[in-house]
Amino acid sequence: MIQSPLIEDSLDTSNTPEFDGDRFDNSVMQTYSRFPIAIERGEGCRLWDTKGKEYLDFVAGIATCTLGHAHPALIAAVSEQIKKLHHVSNLYYIPEQGQLAEWLVNHSCADKVFFCNSGAEANEAAIKLVRKYAHTFLDQVEKPIILTAKDSFHGRTLATITATGQEKYQKGFAPLPEGFAYVPYNDITAVENAIADLDEGTLSRVVGIMIEPLQGEGGVRPGDLEYFLKLRKICDDNKILLVFDEVQVGIGRSGRLWGYENLGIEPDILTSAKGLAGGIPIGAMLCKDFCAAFEPGNHASTFGGNPFACAAALAVLKTLEQENILQNVQARGEQLRVRLRAIAKKYPSLFVEVRGWGLINGLELRSDINLTSIDLVKAAMEEGLLLAPAGPKVLRFVPPLIVSQAEVEEGVAILETAIEKLLSNS
Ligand SMILES: *Cc1c(COP(=O)(O)O)cnc(C)c1O
């Protein structure tokens, strides 16, 4: 459709007091159910919509804006880099990509890094690597199987919706790629049984387990220590690669740099994306040397590891280090959980429990009431606090990692006001 130049003018919201959502929906494919606000500007943990209303942001672009909005270190890094060089292709060496890979290798259990642009792509790379490893190093496995967890979330490409153990993401997209099977999360017997049941000798067997150290989307469910210790041993005993999807929980969100550090074990492969460049698109798949089975030509990405995205990620990681942000994540996370537990205790007719690590926390609603996480998200938004659902019954708190003590107090106070209003209106 040919558009009048007026449409472009009207999308420049600084000139128009009213953002037109209907007009937006006329041309943007409706794959999201959006909340009816349009965000125009941000600073730190605050956002402002096109009507000038201020919000405290406990969503951070869904666990992505590590340093909040308009952070001076990120502004400086991307401004410098865009003036110098923003994209060249992996036909050539890219110094910033090398620096970022080195930082990641020096600060993780991994030895090698592949860069891409999103969480789903990082997981795709991991799935391909597991298969390549199986076909290269294991005895004639024709159909390698990757086990994943029920209620997991691994992305929206065909392979990653198949890896995702939730039917609602797969419905309508058959035929799905083969080679995936599912087990309940935190249930070691189910893993043992699945490995035994699926073993058809050299033809087909489990060669990888892909799992989140803490399930984010699936309801903010932390991994069980004992389960993961046993999972590591099962993988070692059966030559199974252990893949951690750290797309949401990695890069400091858990109070440690990586989610796996909370579980006392190391994965063979791990993926990162959301928080890695603080909101500039990037993805990374990291692995140990023994399973780095890709050869030149096996995998690639046009944008992957470009100088711009890598400079942004380096700025985020150096700021995390220099400003001791992990300490803040631990302290603010503890503060938030204490406050949320007080709320859960005060309203036992609404809430079941609070759980999480660092600054990824969930408040679970009772299953026997009509109230959903979306209802609470809307009520909080009305009062000026942005929260995200994690499934129909869990309210997710993933603020920028720089959130202050006062902002945590403020956020919880706003939530309480929203709850009181919901209760008095029902
Ligand atoms: C968000 C998310 C993904 C998908 O990331 P995209 O960048 O949206 O592709 C994958 N895994 C987990 C655990 C996530 O939270």
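All values reported here derive from a predicted model rather than from experimental measurement.

(A) Structural detail: the environment of Val249. Within the fold, Val249 resides in the loop between strand S10 (241–245) and strand S11 (269–272). It is 8.5 Å that separates the C-alpha atoms of Val249 and Gln215, two residues lying 34 residues apart in sequence. Here Val249 is in contact with Pro213, Leu214, Ser254, Gly259, Trp357 and Ile360, once residues within four sequence places are set aside.

(B) Expanded view of the environment of Val191. In this fold, Val191 is placed in helix H9 (residues 188–198). A sequence separation of 18 residues divides Val191 from Ile209, and the C-alpha atoms of the two residues are 9.2 Å apart. Contacts of Val191, omitting those with residues within four sequence positions, involve Leu147, Val183, Ile209, Tyr227, Leu231 and Ile234.

(C) Looking closely at the nonpolar core. Judged by nonpolar contacts, the single largest core of 100 residues is most densely connected at Phe351 and Leu415. A per-element tally of this core places helix H11 (residues 307–322) first, with eight residues. Here Leu415 is in contact with Leu340, Ile343, Leu363, Leu385, Leu387, Leu395 and Phe397, once residues within four sequence places are set aside. In terms of nonpolar packing, the next biggest core, distinct from the first, is built from 25 residues, Phe114, Val141, Ile269 and Cys291 among them.

(D) Fine view of unusual backbone geometry. Residue Pro175 follows Ala174 across a cis peptide bond; omega there is 0°. Position of Pro175 relative to the elements: it lies in the loop between helix H8 (167–170) and strand S6 (180–183). Phi at Ile62 takes a positive value of approximately 60°, unusual for a residue other than glycine. Relative to the helices and strands, Ile62 is located in helix H3 (residues 60–63). In this structure, Ala63 takes a positive phi of about 55° despite not being glycine. Within the element layout of this structure, Ala63 appears in helix H3.

(E) Structural view of the sheet that holds strand S3 (residues 54–57). Read from one edge to the other, the open sheet built from four strands follows the order S1-S2-S3-S15, with strand pairing classed as mixed. Because the sheet does not close on itself, it has two edges, and the strands there are strand S1 (39–43) and strand S15 (385–386). Pairing between S3 and S15: two bridges, direction parallel. Bridge pairing in S15 places Leu56 opposite Leu385.

(F) Summary view of the pairing of strand S17 (residues 394–397). Both faces of S17 are covered, namely the face carrying Val394 and Arg396 and the face carrying Leu395 and Phe397. Pairing of strand S14 (residues 360–365) with S17 involves four bridges; the strand directions are antiparallel. Looking across to S17, one finds that Leu363 is bridged to Leu395. Here strand S16 (residues 388–389) runs beside S17; their pairing, made up of two bridges, is antiparallel. Looking at the pairing, Pro389 lines up with Leu395 of S17.

How each quantity is defined
Residues numbered from 1 in each chain as written. Predicted model: local features only at pLDDT ≥ 70, side-chain atom pairs only at ≥ 80, totals over all residues. Heavy atoms only, no water. Helix = DSSP H or I, 4+ residues; strand = E, 2+ residues; numbered from the N terminus. Contact = heavy atoms within 4.5 Å. Core = buried A, V, L, I, M, F, W, Y, C linked by side-chain atoms within 4.5 Å. Buried < 20%, exposed > 50% of the residue type's maximum accessible area, 1.4 Å probe, protein only. Pairing = 2+ DSSP bridges.

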